[in-house]
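Letter by letter, the chains look like this.
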Amino acid sequence: MFCYQCQETAGCTGCTVKGVCGKTPEVARIQDLLVYVTKGISEVTTKLRAEGKTISKEDNHLITLNLFTTITNANFDFDVFVQRIYNTLDAKKRLIAQLDDASSLSPVALWDERDVNVMDEKARTVGVLATENEDIRSLRELTIYGLKGLSAYSKHANMLDYDSEEVDAFLQEALYKTTQALSVDELIALVLATGEAGVKGMALLDSANTGTFGNPEITEVNLGVRNNPAILISGHDLSDLKELLEQTKGTGVDVYTHSEMLPANYYPELKKYGNLVGNYGNAWWKQKEEFESFNGPILMTTNCIVPPKDSYKDRIYTTGSAGFPGCKHIPGEAGSTKDFTEIIEHAKKCASPTQIEEGTIVGGFAHNQVLALADQIVEAVKTGAIKKFVVMAGCDGRQKGRNYYTDFAKALPKEAVILTAGCAKYKYNKLNLGDINGIPRVLDAGQCNDSYSLAVIAMKLQEVFGLEDINDLPLVFNIAWYEQKAVIVLLALLFLGVKNIHLGPTLPAFLSPNVAKVLVENFGIAGIGTVEDDIELFFS
Ligand code: FSO
Ligand code: SF4
């Protein structure tokens, strides 16, 4: 196996024996093969579109879900990948038959084998290292990881019945293009175009979420527990949460959010449920302790899954892109209703959660809420009460080096406000950093996909202050990344013209020295230093 798609990759170079995430070599290879056949079907759909044909929602969704399933910590189940490959080969065959001219199809589009041993042989030849030139490999993978992130956001929108043919067509064409002999310059253009599609994908999801659940609003989220049996829901899928809340209503079973589900508490149409108690625990990587003490069943709607301990494995359920061998998967796709009865009945037999925290935290500062406070914020900037906004969005993770972000948040001057989104927030959202004239110093916009909100806020402030360039705002970016959703957020920010982003705790292993150089020279991308040096750099 060879995988270097996430920040925790072994030795900062690549996992070759087993994933640090827990992915086995067999699963790594079958994921590579799924990406390969997804490139193949994307070639076919791209050629069908060129012939003026329409691709069905179902086929678009199949491609999107394929990519999402291969994101770090989403799915560890070998059989799921085999089945997705079979489904993709079936769909591909059907679509090829619709082509007027199939003569130009590449071997990638034509490949079709169902024998698991033959599939494994093939998988060994189509992974990341199949591209020999390290710069071409780097740019292809940067594009693919961006597309994986985009697929996640697109899938969440699809679940709420929001689709974008433009985003789907781009995703498929770009994936197809990663199999073509493009030059370095063409690939750089593809990377930036992926960022543009990222902005569109996040805007789509933003409309889906706000159109369905209302605009997030300032909310105090309870961190304590009640004395009822309960279900913990994690991952990012708000439509799953909505259905779970509907189905648990009046059953005596409470629901708590975990990790990236915390922002669900900010939406009017979700927080109205009396049995949505609050948030239990912290970022994804703490689940071994927190799932243990929760006592009840846990529903993983997406990544990030940490391979579960036997002591609570029977309480883990998965749905959507998520999967783990031996854990019950609840089926259901866009347009269908998921049946959570088994989880609810399971919860009734479990003890109520053990309290691990108390009090509340405040969030809900997505674009609409922040713009409602714009006058107050602009005034604070004009009087110097707020001197700088520091965007600290992204991911949290296990590595000790990530304590940098806690120390950095603590060391910030009192006139600095943190804008955050994603699970990165757990490094500082419980530090009680206070407020500036009533504006909290940590403004949580929501999930990683709500980084879009931060971009909207920045563009609005640029307009209010009458600035030519977004980079003239009193705004700095110190972003933490972990997996591929952070890659699309980064590419989206680059597309929007944001410069001098600091990215940590380490730079991606998939950036070759030359590609890293291009990013440094054209966008001023940099890593992180010591807390002291970085505070000096940002505030001098
Ligand atoms: Fe975190 Fe995991 Fe949301 Fe990621 S839970 S690390 S960027 O999946 O998606 O922020
Ligand atoms: Fe390694 Fe990350 Fe790939 Fe898992 S996802 S195998 S930790 S690089």
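Keep in mind that what you see is a predicted model, and the values were worked out from it rather than measured.

Peer 1: Tell me about the site of ligand 1, and name the residues and values.
Peer 2: Lining the immediate environment of ligand 1, one finds 14 residues, of which H236, E260, C304, C423 and E483 sit closest. At 2.8 Å from an oxygen atom of ligand 1 is found a side-chain nitrogen or oxygen belonging to H236. Given that more than half its atoms are within 2 Å of the pocket grid, ligand 1 belongs to the second largest cavity. Looking at side-chain class alone, the shell around ligand 1 contains seven nonpolar, four polar and three charged residues.

Peer 1: Describe the pairing of strand β2 (residues 230-234), with residues and values.
Peer 2: Within β2, five of the five residues are buried, which leaves the element mostly enclosed by the surrounding structure. Here β2 shows no split at all, with A230, L232 and S234 on one side and I231 and I233 on the other all buried. With four bridges connecting them, β2 and strand β3 (residues 254-257) associate as parallel partners. Of the residues in β3, the one forming a bridge with A230 is D254. Handedness of the crossover is the feature at issue here: the chain leaves β2, passes through helix α9 (residues 238-248), returns alongside β3, and the resulting connection is right-handed. Here β2 runs beside strand β5 (residues 298-300); their pairing, made up of three bridges, is parallel. Looking across to β5, one finds that S234 is bridged to M300.

Peer 1: Pulling in residues and values, what's your account of empty space enclosed by the protein?
Peer 2: One pass over the structure, following the stated rule, counts eight cavities of 30 Å³ or more. The volume enclosed by the largest cavity comes to roughly 170 Å³. Lining the largest cavity are 21 residues, and of these W481, A486, V487, L490 and L503 lie nearest its centre. Every element with two or more residues in the lining of the largest cavity is listed here: β14 (475-480) and α18 (484-495). Considering each element in turn, the lining of the largest cavity owes the most residues, six residues, to α18. Considering only residue class, the lining of the largest cavity consists of 19 nonpolar, two polar and no charged. Taken as a whole, the second largest cavity holds about 110 Å³ of empty space. Of the residues in the lining of the second largest cavity, the class split is six nonpolar, six polar and two charged.

About the cut-offs
- Residues numbered from 1 in each chain as written.
- Chains lettered and ligands numbered in written order.
- Predicted model: local features only at pLDDT ≥ 70, side-chain atom pairs only at ≥ 80, totals over all residues.
- Heavy atoms only, no water.
- Near = heavy atom within 4 Å.
- Polar contact = N/O pair within 3.5 Å; in protein donor to acceptor, adjacent residues only side chain to side chain.
- 1 Å grid on protein atoms, 1.4 Å probe; cavity = no way out; pocket = protein on both sides within 12 Å on 5 of 7 lines; lining within 4 Å.
- Sits in = over half its atoms within 2 Å of the grid points.
- Nonpolar A, V, L, I, M, F, W, Y, C, P; charged D, E, K, R; others polar.
- Buried < 20%, exposed > 50% of the residue type's maximum accessible area, 1.4 Å probe, protein only.
- Helix = DSSP H or I, 4+ residues; strand = E, 2+ residues; numbered from the N terminus.
- Pairing = 2+ DSSP bridges.
- Right-handed = clockwise from strand over helix to strand, strands pointing away.
- Points joined across faces, edges and corners; volume = space filled by probe spheres on them.

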